[in-house]
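Survey of secondary and tertiary structure
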Amino acid sequence: MTSRRNALKSLGLAALALPALSAQAESTPAMPLANDPQYWKKLRSQFMLANDKVFFNPGTVGVMPKVVVDKMTEHARYLAAHVADWAYKDDNKEEFISGYNNLMSIRTKVGKLINSEVGEIAMTDNVTHGISYLANGITLQAGDEVLTTNQEHPGGRGSWLVKEKRYGVVFKEAVIGKPIKNSEEVYQDIVKAFTSKTKVLIISHMISGSGAILPIKEICAEAAKRGIFTILDGAQTIGQIKVDVKDIGCDAYAGCFHKWVGAPAGTGFMYVKQDKMKDIWTTVASARWDNHDDEGFRFTQRGTGNFPVLKGLEAALDFLFEIGPDRVHDRIKFLGQRLRTGLRQNPKVKIFSPVDEAMCAGITVYNIEGMTGAKLQDEFWNRGRMRPRASGDVFGVRHCTHIFNSEAEIDKALAIVRELSKG
Ligand SMILES: Cc1ncc(COP(=O)(O)O)c(C=O)c1O
């Protein structure tokens, strides 16, 4: 190690490279037993996240458990050493490049997570891709309306703006509250904006800028009565809250795994109801562009891709199932609620997440009177090595809680907010 350290030092890389090397050398402790009273404390050691840093931003990109990093690097090493073994059998068992393989094992696990058939799942790189496949793949005429809200992420909006400019489709926004008071209020705000020309509804299941869980089941039911095709942007939901597409009744759902599931970046999916999928044109086309035997595979076949990343994704899904998705969701909400309860006791704090706690989980957006989001973000880092994310001048920070966080971290964050509120 000494000679390696010297070699790195001479390259000026010592500070960067050594922590990564030592982290790699650590082995992962066994998973704690389900009934261990110290369960969450012990689970924290499954993550490589530095112990002197607190991460509150899986709403942007998550923290990979060590097993995910290990599976990914193991497969990258395997490819580097054994690519010559590849015999081009095209039998969906080959794991040298993704993009031609039907990824049945991973798609089956995704189907189990969201309660869909495997044929209804296509693998994508992220939510932006999923929504873009839908926007490009649905046939609309000039003058047809697509309804969204005024609080969507650009990744859910951009492809519709292209469609508007290119084909004369009208992209309309329903204005919703920030904070939203309750489900009825936001339900009315959205369904009142439907017109006889509305053909598609594209909204977030959970709004990223407030953490509001929308009453999507009721909204989709009303849209279905009017023959409107419903698409949900699930960037913030998968791994954070329960998603059951059959129960929701939406026509399509786009999600990702690199935020709340802790999978490598560049992993997502698109779900489309079986009877609707055949009518969606593919955007990224290869040999299967018109092969409807396995609709999900038609979209999953998207040219050479990165198999190690998918190995990491599969490990992240296995990790989630090993803990139990419900248990993960409950823990995320428990910590989020602890944060909101503390913040609500502080008169200088304004919360932009819904007033109704039933509409919240692990995302809390808030500000301290007189502060900008950037200032608050910096104060958290300087005072506690804590990393929530600035959410603009007005809205302060978006502060996410996850299973690698602890009660003590939430309480420390609340103490920092109290200190800052004093002026
Ligand atoms: C609601 C929402 N939609 C879409 C996206 C874009 O996701 P991706 O980067 O996976 O395409 C995000 C990312 O933060 C988001 O929060």
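What counts and how
- Residues numbered from 1 in each chain as written.
- Predicted model: local features only at pLDDT ≥ 70, side-chain atom pairs only at ≥ 80, totals over all residues.
- Heavy atoms only, no water.
- Pairing = 2+ DSSP bridges.
- Helix = DSSP H or I, 4+ residues; strand = E, 2+ residues; numbered from the N terminus.
- Axes fitted to C-alpha atoms, helices over the stretch in contact; angles between N-to-C directions.
- Contact = heavy atoms within 4.5 Å.
- Salt bridge = Lys/Arg side-chain N within 4 Å of Asp/Glu carboxyl O.
- Buried < 20%, exposed > 50% of the residue type's maximum accessible area, 1.4 Å probe, protein only.
- Domains from an automatic or database assignment.
- Buried area = accessible area lost by both parts, 1.4 Å probe.
- Polar contact = N/O pair within 3.5 Å; in protein donor to acceptor, adjacent residues only side chain to side chain.
- Nonpolar A, V, L, I, M, F, W, Y, C, P; charged D, E, K, R; others polar.
- Near = heavy atom within 4 Å.
- Areas by Shrake-Rupley, 256 points an atom, 1.4 Å probe, with all protein chains shown as cover.
- pLDDT = per-residue confidence, 0-100.
- Phe/Tyr/Trp six-rings, centres within 6.5 Å; stacked < 30°, edge-to-face > 60°.
- Parallel < 35°, antiparallel > 145°, perpendicular 65-115°, else oblique.

To continue, consider the sheet that holds strand β8 (residues 268-272). Two modes of strand pairing occur in sheets, parallel and antiparallel, and in both the strands are linked by backbone hydrogen bonds. Pairing within the open sheet is mixed, and its 7 strands lie in the order β2-β8-β7-β6-β5-β3-β4. The open sheet has two free edges, formed respectively by β2 (121-124) and β4 (170-174), since each of these has just one partner strand. Adjacent strand axes in the sheet meet at a mean angle of 20 degrees, parallel and antiparallel pairs treated alike. Of the strands in this sheet, β2, β5 (198-204), β6 (229-234), β7 (252-256) and β8 touch helix α6 (residues 127-137), which is tilted by about 160 degrees from β7.

Enumeration over the complete set of coordinates arrives at 26 salt bridges. Here K181 ties to E185 by a salt bridge, and the two come within 3.4 Å at their closest N and O atoms. A relative accessible area of 53% means that K181 is categorised as exposed. A salt bridge links R331 to E407; the nearest nitrogen and oxygen atoms lie 3.0 Å apart. On the criterion of sequence distance, the pair formed by R331 in helix α14 (residues 325-344) and E407 in helix α16 (residues 407-421) is long-range, its members being 76 residues apart. For R331, a relative accessible area of 8% puts it in the buried group. Each of the salt bridges in this network shares a partner with another, and the network as a whole consists of K333, R340, R344 and E357.

As a further point, take the domain arrangement of the protein chain. The domain architecture assigned to the protein chain consists of domain 1 (43-64 + 325-421) and domain 2 (85-318). Look at where the C-alpha atoms of domain 1 and domain 2 centre, and you get two points 27 Å apart. On the domain 2 side, the residues contacting the 30 residues of domain 1 number 26 residues. Taking both partners together, domain 1 and domain 2 bury about 2,100 Å²; carbon and sulfur atoms supply 59% of that area. The interface formed by domain 1 and domain 2 includes 0 salt bridges. For the pair domain 1 and domain 2, the number of links is 13 residue pairs in polar contact (both at pLDDT 80 or more). The set of elements that each furnish at least two residues to the side of domain 1 that touches domain 2 consists of α14, β9 (349-351), β10 (363-368) and β13 (397-400). Broken down by element, the residue count for the side of domain 1 that touches domain 2 peaks at 4 residues, all from α14. Broken down by class, the residue content of the side of domain 1 that touches domain 2 amounts to 19 nonpolar, 8 polar and 3 charged.

A word on the site of the ligand. The ligand sits among G59, N126, V127, T128, H153, S204, S208, D233, A235, Q236, H258 and K259. In this structure, H153 approaches the ligand through a side-chain N or O atom, which is 3.5 Å from an oxygen atom. D233 has a polar side-chain atom sitting 2.6 Å from a nitrogen atom of the ligand. A total of 390 Å² of accessible area belongs to the ligand in isolation, and the protein chains cover 88% of it. For the shell around the ligand, the per-class residue count stands at 2 nonpolar, 8 polar and 2 charged.

It is worth spelling out the environment of P354 at this point. Position of P354 among the secondary structure elements: in the loop between β9 and β10. Given the relative accessible area of 1%, P354 is considered buried. Placed 175 residues apart in sequence, P354 and P179 show a C-alpha to C-alpha distance of 5.0 Å. Excluding its chain neighbours within four sequence positions, the residues that come into contact with P354 are P179, I180, S210, G211, A212, R344, M359 and C360.

Per-residue confidence for the protein chain averages 94 on the pLDDT scale, and 94% of its residues sit at or above 70. Scored below 50 in pLDDT, residues 1-24 shows 13 contacts in the model against residues more than four places distant or in partner chains.

To continue, consider the packing of aromatic side chains. Following the criterion strictly, the structure yields 11 aromatic pairs and no others. On the numbers, 4.4 Å between centres and 15 degrees between planes, the contact of W86 with Y88 is stacked. The exposure class assigned to Y88 is exposed, which follows from its relative accessible area of 63%. Geometrically, the ring pair formed by Y253 and F269 is stacked, given 6.3 Å between the ring centres and 5 degrees between the ring planes. Note that Y253 is positioned in strand β7 and F269 in strand β8, a separation of 16 residues in sequence.

This part covers the packing of helix α13 (residues 307-323) against α14. Between α13 and α14, the shortest axis-to-axis distance is 5 Å and the interhelical angle comes to 80 degrees. With respect to α14, the element α13 is oriented roughly perpendicular. Each of L320, F321 and I323 in α13 lies in contact with α14, whose residues at this interface are P325, R327 and V328. Tallied by class, residues from the contact of α13 with α14 come to 5 nonpolar, no polar and 1 charged.

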